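Chain by chain, the residues:
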Amino acid sequence: MLGEDTLTDTEEQLGSEYELIPDTLQDNLVAALTAIPGRFAKSIGGKVRAFGPWLIRGGSSFRSIFLDPGPKASATYAKLRRELDALTTFQLLAVLITFTLFLILPLISVVAYSFTDPFTGLPSLIHFQNLFQDSSIWPWIYPEGGDQWYFFADTRTVIFGETDVTIQGWDFGSVINSIYTAILVTIFSVLLGVFLAFVVARYDFFGKSVIRTVLIFPILATPFVGAIGIKAFLGLNGIINNLFYDTLHIFPLQLQLKGLAALVFVQSLSFFSLVYLNAYSSFMSIDPSLEEQAENLGATGSKLFRSVTLPLAMPGIQAGAILTFILSIEDLGTPIVFREEANGQTTRTLAFQVFDSFSSGSLGIDPKGPAIGIILLIFALSGFLAIRKYAGVRSYESGTKGGQWNQRVRRLSNRTTVFLYVILIPLLFLALIPQISVIMLSVAGPWTTHSVLPTLWTLEHYSILTTYPSVTNSITLTLLYGAIATVIIVLLGTSAAYIIARRDIPGKTYFDLLVTSPIALPGIVIATGYFVLYYGTPFFPLDAPAFLIIMSYTVRKFPFTVRAAYAGLQSTPVVLEEASQNVGASKNQTFAKITMPLIGVSVLAGSLLSFVYSVSEVSTSLILGSLGPEQAPMTYWTKEVLESHSSSYTPANSAATLGVLMMAMQMTVITVTNKILGARSSAMTGI
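Residues numbered from 1 in each chain as written. Predicted model: local features only at pLDDT ≥ 70, side-chain atom pairs only at ≥ 80, totals over all residues. Heavy atoms only, no water.

1. Comments concerning the overall build of the chain
The helix and strand inventory of the chain stands at 32 helices and seven strands. In the chain, which comprises 687 residues, the proportion classed as buried is 51%. Surface exposure of the chain reaches about 31700 Å², of which carbon and sulfur atoms provide 65%. (Helix = DSSP H or I, 4+ residues; strand = E, 2+ residues; numbered from the N terminus. Buried < 20%, exposed > 50% of the residue type's maximum accessible area, 1.4 Å probe, protein only. Areas by Shrake-Rupley, 256 points an atom, 1.4 Å probe, with all protein chains shown as cover.)

2. Describing the packing of aromatic side chains
Applying the stated criterion to the full structure yields 28 aromatic pairs. Ring geometry for Phe99 against Phe558: centres 4.9 Å apart, planes inclined by 80°, an arrangement best described as edge-to-face. With Phe99 in helix H6 (residues 86-114) and Phe558 in helix H26 (residues 558-570), the pair connects residues that are 459 residues apart, well separated along the chain. Taking relative accessible area as the criterion, Phe99 reaches 0% and is therefore assigned buried. Pairing Phe198 with Tyr203 gives two aromatic rings, centres 6.0 Å apart and planes at 80°, and the pair type is edge-to-face. Residue Tyr203 is classed as partly exposed on the basis of its relative accessible area, which comes to 21%. Put simply, the rings of Phe132, Trp138, Trp140, Phe151, Trp170, Phe172 and Tyr180 touch in pairs and so form one group of aromatic residues. (Phe/Tyr/Trp six-rings, centres within 6.5 Å; stacked < 30°, edge-to-face > 60°.)

3. A closer look at unusual backbone geometry
Phi is positive for His249, close to 55°, though the residue is something other than glycine. Of note, His249 is situated in the loop between helix H11 (239-247) and strand E6 (254-257). The phi dihedral of Asp543 is positive, around 60°, even though this residue is not glycine. With respect to the element layout, Asp543 can be found in the loop between helix H24 (523-534) and helix H25 (546-556).

4. A word on the pairing of E6
The alternating pattern of E6 places Gln254 and Gln256 on a buried face and Leu255 and Leu257 on a face that is not buried. Two strands pair when backbone bridges link them, and strand E4 (residues 164-167) and E6 are joined in this way by four bridges, in the parallel orientation. By the bridge assignment for E6, Val165 is matched with Leu255. (Pairing = 2+ DSSP bridges.)

5. Topic: the packing of helix H30 (residues 619-626) against helix H31 (residues 634-643)
The N-to-C vectors of H30 and H31 enclose an angle of 80°; their axes lie 8 Å apart at closest approach. By the angle class used here, H30 and H31 are roughly perpendicular. Contact with H30, carried on its side by Ser621, Leu622, Gly625 and Ser626, involves Thr635, Tyr636 and Lys639 of H31 and no other residues of that element. Tallied by class, residues from the contact of H30 with H31 come to two nonpolar, four polar and one charged. (Axes fitted to C-alpha atoms, helices over the stretch in contact; angles between N-to-C directions. Parallel < 35°, antiparallel > 145°, perpendicular 65-115°, else oblique. Contact = heavy atoms within 4.5 Å. Nonpolar A, V, L, I, M, F, W, Y, C, P; charged D, E, K, R; others polar.)

6. Points about the environment of Phe265
Along the chain, Phe265 turns up in helix H12 (residues 259-284). For the pair Phe265 and Phe188, spaced 77 residues apart in the sequence, the C-alpha separation amounts to 9.0 Å.

7. Let's talk about the layout of surface pockets
Space inside the largest pocket adds up to approximately 550 Å³. Secondary-structure elements contributing two or more residues to the lining of the largest pocket are helix H8 (174-202), helix H13 (288-296), helix H14 (301-330) and helix H19 (414-431). In terms of residue class, the lining of the largest pocket is built from 12 nonpolar, four polar and five charged. (1 Å grid on protein atoms, 1.4 Å probe; cavity = no way out; pocket = protein on both sides within 12 Å on 5 of 7 lines; lining within 4 Å. Points joined across faces, edges and corners; volume = space filled by probe spheres on them.)

8. Here we look at the packing of helix H22 (residues 469-502) against H26
Close contact between H22 and H26 brings their axes to 8 Å; oriented N to C, the two are set at 45°. Taken together, H22 and H26 sit at an angle that is classed as oblique. Of the two possible hands of crossing, H22 and H26 adopt the one that is right-handed. Residues Ile489, Val490, Leu492, Gly493, Ala496, Ala497, Tyr498, Ile500, Ala501 and Arg502 of H22 form the contact with H26, whose participating residues are Phe558, Thr561, Val562, Ala565, Tyr566, Leu569 and Gln570. Residue classes in the contact of H22 with H26 are distributed as 13 nonpolar, three polar and one charged. (Left-handed = near helix turned anticlockwise from the far one by under 90°.)

9. Considering empty space enclosed by the protein
Across all of its chains, the model carries four cavities of 30 Å³ or more by this definition. Around the second largest cavity, the lining residues are Asn177, Ser178, Thr181, Leu263, Gln267, Ser328, Ile329, Asp331, Pro335 and Thr349. It is H8 that contributes the most residues to the lining of the second largest cavity, three residues altogether. Residue composition of the lining of the second largest cavity, grouped by class: three nonpolar, six polar and one charged.

10. Some remarks on the confidence of the model for the chain
Per-residue confidence for the chain gives a mean pLDDT of 81; residues scoring 70 or more make up 83%. Element-level mean pLDDT values for the chain span from 40 in helix H18 (residues 393-399) up to 95 in H25. In this model residues 1-23 is a low-confidence stretch, pLDDT under 50, and it forms six contacts with partners more than four residues away in sequence or in other chains. Every residue in residues 392-404 is under pLDDT 50, and counting partners more than four places away or in other chains gives 22 contacts. (pLDDT = per-residue confidence, 0-100.)

11. Quick look at the environment of Glu643
Turning to its location among the elements, Glu643 is positioned in helix H31. Between the C-alpha atoms of Glu643 and Val337, which are 306 residues apart in sequence, the distance is 9.0 Å.

12. Section: the sheet that holds strand E3 (residues 158-160)
A sheet is described by the order of its strands in space; here three strands give the open sequence E3-E4-E6, paired in mixed fashion. Here the strands that pair on one side only, and so sit at the sheet edges, are E3 and E6. The sheet shows a mean angle of 20° between the axes of neighbouring strands, taken without regard to direction. By the bridge criterion, three bridges tie E3 to E4 in an arrangement that is antiparallel. Counterpart to Val158 in the pairing with E4 is Ile167.

13. Some details on the nonpolar core
Membership of the largest hydrophobic core comes to 162 residues, with the highest contact counts inside it found for Tyr276, Phe283 and Val515. No other element matches the 14 residues that H12 contributes to this core. Residues within four places of Val515 in sequence aside, it is in contact with Val95, Phe99, Ala496, Ile500, Phe558, Pro559 and Val562. Of all hydrophobic cores here, the second largest spans seven residues; its members include Trp140, Phe151, Ile176 and Tyr180. (Core = buried A, V, L, I, M, F, W, Y, C linked by side-chain atoms within 4.5 Å.)

14. Concerning the pattern of salt bridges
Tallied over the full model, the rule gives 12 salt bridges. Its salt-bridge partner being Asp512, residue Arg563 comes within 2.7 Å of it at the nearest N-O pair. Of this pair, Arg563 sits in helix H26 while Asp512 is found in helix H23 (residues 508-516), placing the two residues 51 residues apart along the sequence. We note that Arg563, like Asp512, is buried. Among the charged side chains, a network of salt bridges with common partners joins Glu330, Arg556, Lys557 and Glu617. (Salt bridge = Lys/Arg side-chain N within 4 Å of Asp/Glu carboxyl O.)

15. Points about the side chain of Ser621
If you trace the backbone, Ser621 turns up in helix H30. Among the residues examined, Ser621 registers a relative accessible area of 0% and is labelled buried. A polar atom in the side chain of Ser621 sits 2.8 Å from the side chain of Tyr553. The residues touching Ser621, leaving out its near neighbours within four places in the chain, are Tyr553, Ser626, Pro633, Thr635 and Tyr636. (Polar contact = N/O pair within 3.5 Å; in protein donor to acceptor, adjacent residues only side chain to side chain.)

16. Details of the side chain of Thr595
Its location among the elements puts Thr595 in helix H28 (residues 587-598). For Thr595, a relative accessible area of 2% corresponds to the buried category. Leaving out residues up to four positions away in the same chain, Thr595 has contacts with Tyr498, Leu569, Glu577 and Thr590.

Take a look at the structure:
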């Protein structure tokens, strides 16, 4: 044990440095965060050293193929001749050409633009160098000619006022903000989604079918308006504060969420259904005999869940979690709604920075936009490859065969059912706040400062649907764009699913990867690629983005139909097609008269999902629509109405009416699709 003399000697040896040791939580936090770049560089160095031997082994394998390509080429050619008939060749080429023109080339153009010096036209890292010298993008700055790292951050979280308390996020710049926000959203979504999925999959209770349907509704993508509804519901003078602070006097202070804290809350309520759907599908596809064997060996209750049930369901849970992470990072609508709060914290997110880059630059776009898009693309591709690792095509095969056994479903007693509803009702109310608040806003009249509810209810706000030609025209155009895109998706998506399920062509795994990848690729990066590559060409004439809007919907929502059609093909015996050909029908006739009718219901479900997600597409609609407002879809005009300062209508309430219109359509379509797909609910997420 050190005595007082020892401590004094130590202090004298350390001298002035001893006094500089941080002694507050904030100082310690800043010191720890400042040290991250060095630790990160050391970690990357280790990975680079490990990468060398792997690269050498891969190079040796490639070299052997390059030096003697004959056998490999001959085997590939023979396999192609065996597998590709005229129909399959046409289907394959149609899909590949579409994805090359409207996915691969635009993404390559973003990469090329990001790594090109705008003055010399030569390859350069100047855009990324500028990016990481901007404290709004990256918190650790090492100035040119400097001798130390500088750390820029706002770590204030809870701010107390006289009568209110504000919760906001930590602000570390766009890159870190987007990452930690997405991590928190994923954690909350997994906890909520897995719990609800397990309850619905493993227990039978009164009202279960209603609960299962209601749990689908949070997945409704109502751009901007859902966030506006939550803002009105939980704001300083929102329903919650007016009820519990002003009326019931339960809250000691008014509570409000701002900035990144609000972003986490909104996204968690919007995305947990992705985890729920995939977890539910995984729980339903587990062979009951595996759990019964574990029970025979003594595993029961929580031990059975931890050691058997949860690991078996983990692929679906991980897939939903990773997709939630990706969609959180690329979300644009919510940051736009909360852009004015907490010193503009939500503007310092990756997606918003790309969107904001369209306001300046030599081509109408700030060069930092595509550079940030590359960062988004890296996150998305990494996440998507992780999804493929844990929940590839095999997960859909197991999901379609759940009917081969009787599921382990336990009937709850009346008392337990009541207890369950005590838990479920608050959770469902919380999950449905965006939808409830949007509907309330659309029919709300004047709202006094401390009133829990509006002083009157009115349908006056719905007049915007018919009064303003631009808004009315955008509704028609949205339905038209969605319908055309859905037709193309059905034709190409069914073809792609057929090739993946029924043909053993070389590179089929990569083909499957290609047609499924758009679900995880940031739409804002694809839209940036369209602008960089096609603006001013016949594909994208000045002020006429209609064609590329349709093609962006086609590519972005392609996976929903592909996965639903694939699920249908996996549950359809191939012997029926073989029997058709044995009695003289050609492959074309078999595909048209046997295969398509057998998978028609699955294709219908997938096409409905593709349509409903097309009409609510945000990022591509905003960027492409802003370059030709007369041809812009409803999503673009929802934002315009929301941000307008017109005295003839109330922006938030009028925008809510557009949200209600979209929600009504989505609720109908998703409810029908859920009935059709049943336990194959994971196909509803497109992964």
